[in-house]
Amino acid sequence: MQVTIRNAKTNLSKLIEAAKAGEEVVIAKGTVPVARVVALPQNKFTIGLTAALERWQNKGLDFRGSVKAGRFLCSSQGSSQTKSLD
């Protein structure tokens, strides 16, 4: 679907939902296409603690078990060591 900038401003939420549903959404200035609305892949976007936990799991480390036991892993220039919180 192609919409004008004015229409896009008025119906942005609907256009985003259409893009999430897989529809191609093009925004035009007059009749000239100038932008496309696309949905980001939801399952590939991770930030913060979620991303850190995934990296730990990929390395075979057990973050939750270490925290419960009062230990954590700290690394300094490539060497890692376990420290106690006690």
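Residues numbered from 1 in each chain as written. Predicted model: local features only at pLDDT ≥ 70, side-chain atom pairs only at ≥ 80, totals over all residues. Heavy atoms only, no water.

### Overview of the overall build of the protein chain
Here's step 1: When helices and strands are counted, the protein chain shows four helices and five strands.
Here's step 2: Listing every helix and strand of the protein chain by position from the N terminus yields β-α-α-β-β-α-α-β-β.
Here's step 3: When each of the 86 residues of the protein chain is scored for burial, the buried share is 16%.
Here's step 4: Considering only intrachain contacts with a sequence separation of at least 6, the fraction spanning at least 24 residues in the protein chain is 17%.
Here's step 5: Accessible surface, the protein chain: about 7,200 Å² in total, of which carbon and sulfur atoms supply 53%. (Helix = DSSP H or I, 4+ residues; strand = E, 2+ residues; numbered from the N terminus. Buried < 20%, exposed > 50% of the residue type's maximum accessible area, 1.4 Å probe, protein only. Contact = heavy atoms within 4.5 Å. Areas by Shrake-Rupley, 256 points an atom, 1.4 Å probe, with all protein chains shown as cover.)

### Quick notes on the pattern of salt bridges
Two side chains of opposite charge can pair, provided their charged atoms sit close to one another.
Here's step 1: By the definition in use, this model includes one salt bridge.
Here's step 2: Across the pair Lys20 and Glu17 runs a salt bridge, and its minimum N-O distance is 3.9 Å. Linking Lys20 with Glu17, this pair stays in helix H2 (residues 12-20), spanning three residues, or about one helical turn. (Salt bridge = Lys/Arg side-chain N within 4 Å of Asp/Glu carboxyl O.)

### Looking at a nonpolar patch on the surface
Here's step 1: On the surface, a cluster of nonpolar side chains totalling about 250 Å² of accessible area is made up of Ile5, Val32 and Val34.
Here's step 2: Looking at where Ile5 falls in the secondary structure, it is placed in helix H1 (residues 5-10). (Patch = residues over 30% accessible without salt bridge, like charges linked within 9 Å, V, L, I, M, F, W, Y side chains within 5 Å.)

### What to know about the confidence of the model for the protein chain
Here's step 1: Overall, the predicted model of the protein chain reaches an average pLDDT of 75, with 60% of residues at or above 70.
Here's step 2: Note on residues 75-86: pLDDT under 50 across the span, and 18 contacts to partners over four residues away in sequence or across chains. (pLDDT = per-residue confidence, 0-100.)

### So, the environment of Thr10
Here's step 1: Locating Thr10 in the fold gives a position in helix H1.
Here's step 2: A distance of 3.0 Å separates a polar side-chain atom of Thr10 from the backbone oxygen of Arg6. (Polar contact = N/O pair within 3.5 Å; in protein donor to acceptor, adjacent residues only side chain to side chain.)

### Regarding the sheet that holds strand S1 (residues 2-4)
Here's step 1: Reading across from one edge, S1-S2-S3 is the order of the three strands in this open sheet, with mixed pairing throughout. Of all strands in the sheet, those with a lone pairing partner are S1 and strand S3 (32-37), marking the two edges. Direction aside, neighbouring strands of the sheet carry axes that sit 35 degrees apart on average.
Here's step 2: Here three bridges tie S1 to strand S2 (residues 25-29), and the two strands are oriented parallel to one another. Considered in S2, the bridge of Thr4 is made with Ala28.
Here's step 3: The strands that H2 touches are S1, S2 and S3; relative to S2, the one it contacts most, it runs at about 140 degrees. (Pairing = 2+ DSSP bridges. Axes fitted to C-alpha atoms, helices over the stretch in contact; angles between N-to-C directions.)

### Here's the deal with the pairing of S3
Here's step 1: Where S2 lies against S3, five bridges are found, and the strand directions are antiparallel. Its bridge partner lying in S3, Val26 is registered against Arg36.
Here's step 2: Connecting S2 to the next strand, S3, in antiparallel fashion are two residues, including Gly30 with a positive phi near 75 degrees.

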